[in-house]
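So the chains spell out like this:
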Amino acid sequence: MTYPVLSCTAIDARNPRALAEFYSALLGLHCRPGDEPPPPPAADDTDWIVLLDAEDRRVLAVQGKPDLRPSTWPSEEIPMQLHMDFRVPDAAELEVQRRRAEDLGATLLMDRSTDPHEPLHVMGDPEGHPFCLLVG
């Protein structure tokens, strides 16, 4: 039997370029050839950006959605709908990566860094999508 293979995860954004730049910086990714920002003074109206890893494998795509309503998690008024988990090796690196994410524009939504079974931080990216940084 054969199975489909996940190509990448797509995430909606009001400002796809800004969110692509956030995840590029956070995860060490780069734009697929042709998805880079246009040279100035050209307007950037890109509404689909694919991010690749160091081996040029698709990891994440960012899709323009101008009317996106950000998640209100932990309130369920507007649920998170999707979240991603990113592993780090230990508690010290968890704090380093939390600070990096915040410096890049993320917001701390929940601090469970002292959880003895699974230390983690729930973060909100610049568009409001929750994601987790966790030791694992």
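Residues numbered from 1 in each chain as written. Predicted model: local features only at pLDDT ≥ 70, side-chain atom pairs only at ≥ 80, totals over all residues. Heavy atoms only, no water.

Asks: Would you take a moment to explain the layout of surface pockets for this structure?
Replies: The probe, sized like a water molecule, is rolled over the atoms to show the empty space still left. Size it by volume and the largest pocket reaches roughly 220 Å³. Along its surface, the largest pocket is lined by 15 residues, and Asp12, Leu68, Met80, Gln81 and His129 are the ones closest to its centre. A breakdown of the residues in the lining of the largest pocket according to their chemical character gives 8 nonpolar, 4 polar and 3 charged. (1 Å grid on protein atoms, 1.4 Å probe; cavity = no way out; pocket = protein on both sides within 12 Å on 5 of 7 lines; lining within 4 Å. Points joined across faces, edges and corners; volume = space filled by probe spheres on them. Nonpolar A, V, L, I, M, F, W, Y, C, P; charged D, E, K, R; others polar.)

Asks: What exactly am I supposed to notice about the sheet that holds strand S6 (residues 107-112) here?
Replies: In any sheet, the strands associate via hydrogen bonds between backbone groups, in a parallel or an antiparallel arrangement. Strand order in the open sheet made by the 4 strands is S5-S8-S7-S6, with mixed pairing throughout. A strand with exactly one partner marks an edge of an open sheet, and here the two such strands are strand S5 (84-88) and S6. Each adjacent strand pair in this sheet contributes to an overall mean axis angle of 20°, direction not counted. For strand S7 (residues 120-124) and strand S8 (residues 130-135), the ladder comprises 5 bridges, and the chain directions are antiparallel. Opposite glycine 124, over in S8, you have proline 130 as the bridge partner. In this fold helix H2 (residues 91-103) packs onto S5, S6, S7 and S8, with an angle of close to 155° to the strand it touches most, S8. (Pairing = 2+ DSSP bridges. Helix = DSSP H or I, 4+ residues; strand = E, 2+ residues; numbered from the N terminus. Axes fitted to C-alpha atoms, helices over the stretch in contact; angles between N-to-C directions. Contact = heavy atoms within 4.5 Å.)

Asks: Would you explain the sheet that holds strand S3 (residues 48-52) in this entry?
Replies: Pairing in this open sheet of 4 strands is mixed, and the strands run S1-S4-S3-S2 from one edge to the other. Whereas interior strands pair on both sides, the edge strands pair on one side only; in this sheet they are strand S1 (9-13) and strand S2 (30-31). Note that S1 and strand S4 (residues 58-64) share 5 bridges and pair parallel. Its bridge partner being in S4, alanine 10 is matched across the sheet by alanine 61.

Asks: Could you clarify how one ought to interpret the nonpolar core in this entry?
Replies: Across soluble globular proteins, nonpolar side chains have a tendency to be buried as a group. Counting 23 residues, the largest nonpolar core has Tyr23, Leu51 and Phe131 as its most contacted members. Where this core is concerned, the elements lending two or more residues are S1, helix H1 (16-27), S3, S4, S5, H2 and S8. Counting residues in each nonpolar core, the second largest holds 5 residues, with Trp73, Leu120, Val122 and Cys132 among its members. (Core = buried A, V, L, I, M, F, W, Y, C linked by side-chain atoms within 4.5 Å. Buried < 20%, exposed > 50% of the residue type's maximum accessible area, 1.4 Å probe, protein only.)

Asks: Looking at this structure, I do not really get the environment of glutamate 95. What am I missing?
Replies: Secondary-structure assignment places glutamate 95 in helix H2. Each C-alpha atom, one on glutamate 95 and one on leucine 120, is 9.4 Å from the other, the two residues being 25 residues apart in sequence. The contact partners of glutamate 95, leaving out residues within four places of it in the chain, are Ser113 and His121.

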